[in-house]
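# Fold and contact review
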2 protein chains.
Amino acid sequence: MPRRENDTRSRIRETALELFASQGVDKTSLREIAERLDITKAALYYHFPSKKDLLTELIQPLFDDVETLLDDAERTGDLAPRVLLGRYFDVTARHRALFLALLYDLGTLIELDVVTRIFQWRDRLQRLLVGPAPRPAEIAACTLAVGGVQDCAITVEGPSAAEEYREAALDAACRALGVDTAGTQ
Amino acid sequence: MPRRENDTRSRIRETALELFASQGVDKTSLREIAERLDITKAALYYHFPSKKDLLTELIQPLFDDVETLLDDAERTGDLAPRVLLGRYFDVTARHRALFLALLYDLGTLIELDVVTRIFQWRDRLQRLLVGPAPRPAEIAACTLAVGGVQDCAITVEGPSAAEEYREAALDAACRALGVDTAGTQ
DNA sequence: GTCTATAGATAGATAGAC
DNA sequence: GTCTATCTATCTATAGAC
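Residues numbered from 1 in each chain as written. Chains lettered and ligands numbered in written order. Predicted model: local features only at pLDDT ≥ 70, side-chain atom pairs only at ≥ 80, totals over all residues. Heavy atoms only, no water.

### A word on the relation of the copies chain B and chain A
Rotating chain B by 180° about the axis while translating it 0.0 Å along that axis superimposes it on chain A, leaving an RMSD of 0.1 Å. One copy is carried onto the other by what is essentially a two-fold rotation axis. Of all interface residues in chain B, 100% are interface residues in chain A too; the two copies therefore contact each other through one and the same surface. (Least-squares fit on C-alpha atoms with pLDDT ≥ 70 in both. Contact = heavy atoms within 4.5 Å.)

### As for the protein's contact with DNA strand C
Residues in contact with DNA strand C amount to 16 residues; listed here are only the nearest, Arg31, Tyr45 and Lys51 of chain A together with Thr40 and His47 of chain B. In the interface set of DNA strand C, defined as its atoms within 4 Å of the protein, sugar plus phosphate atoms amount to 60%. Note that a phosphate oxygen of DNA strand C is positioned 3.4 Å from one of the side-chain N or O atoms of Ser29 of chain A. Arg31 of chain A places a polar side-chain atom, nitrogen or oxygen, 3.0 Å from a phosphate oxygen of DNA strand C. Of all the secondary-structure elements, those providing two or more residues to the surface near DNA strand C are helix 2 (30-37) and helix 3 (41-47) of chain A together with helix 3 (41-47) of chain B. No other element matches helix 3 of chain B, which puts four residues into the surface near DNA strand C. Tallied by class, the residues present in the surface near DNA strand C amount to seven nonpolar, six polar and three charged. (Near = heavy atom within 4 Å. Polar contact = N/O pair within 3.5 Å; in protein donor to acceptor, adjacent residues only side chain to side chain. Helix = DSSP H or I, 4+ residues; strand = E, 2+ residues; numbered from the N terminus. Nonpolar A, V, L, I, M, F, W, Y, C, P; charged D, E, K, R; others polar.)

### Examining the packing of aromatic side chains
Residue and element names in this part refer to chain A. In total, this model carries two aromatic pairs over all chains according to the counting rule given. Look at Phe63 and Trp121: their rings are 5.4 Å apart centre to centre, the planes differ by 70°, and that puts the pair in the edge-to-face class. Here Phe63, found in helix 4 (residues 51-76), pairs with Trp121, found in helix 8 (residues 114-130); they are 58 residues apart in sequence, far enough to count as distant. Classification of Phe63 as buried rests on a relative accessible area of 2%. When its relative accessible area of 4% is taken as the criterion, Trp121 is described as buried. (Phe/Tyr/Trp six-rings, centres within 6.5 Å; stacked < 30°, edge-to-face > 60°. Buried < 20%, exposed > 50% of the residue type's maximum accessible area, 1.4 Å probe, protein only.)

Here it is, written out as structure tokens:
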């Protein structure tokens, strides 16, 4: 074990995520990250060749989680909407800080390649929930369900109330979708 | 009639809104606005003392509309949720470009004083829909309904499909809220 | 009302010493 | 791996001529 490798690197990731989530990616300069860590900008550039690289690396775990979720759901097939949305709630809650950061400035994200992938999530989720070639009524229901579950997961503050809001959000989402929620957990 | 007064001024407003909506406020520089209008930055500053002033003036009509809507609903009292949400859909759709701009970089907005006011809308809408002191289940339902109606209104592209999506979104929102939608229009 | 010119600040990024 | 020093680009905003 080569002592505690990557210490600075992971401290950078941690601080960057914190600042990105609280004030947006664009409004967080590398200078600010460096100052908070009491290192210099140049030191930061040693670990990450660009701001974009730093952000990309922060986003990767979220992407992995969501895509694992979708792959799994598509492989299983015929998953109950409530279970699928519940898993989506959990992923969103787990990456809450990152979601906030992405939400703060969508504009920045568009310049990255991530937005196309996020749209693909939506499409895949929609296909899983209301099938291909949905009518407007189904698209609207799906928009409420997915967006609403995500909003609730992001909004919830402590993990204390999380469980209660989770069930509440899922109930509302199932009603919006018009699916029976009784019996499923 | 002093000829066509304020021509340049309103052209600036128009172009700025267009650019803000398509790429975000922060990523739109005054230089870019000026170039597209074929005037100089300095000329722009003659009409608007700062970028913030320009943005504030663009936002004002939206604020007026929403607050009129809320004032009216509170005065009337006991308005059917579907009617209230329908009006909110209409306001959102009318100011679609501006909503997009605000959505693109929330971070910028936080620095303005607008976010507190937007939170107040949410509170007032929530109070109108599920009353004061709502439980988590009601908060979640309201989050889905309001957020979802807004999302649908922003997402809709042409005014052709708008009517169909409007009804679809309102139906889904009412289901999420658990209110009977039959009979109301 | 619109221009040129420029101030003043800050951003992301790089070179090279240690 | 971290530093100092510096580059280049871009931004908002202002002063003052026309």
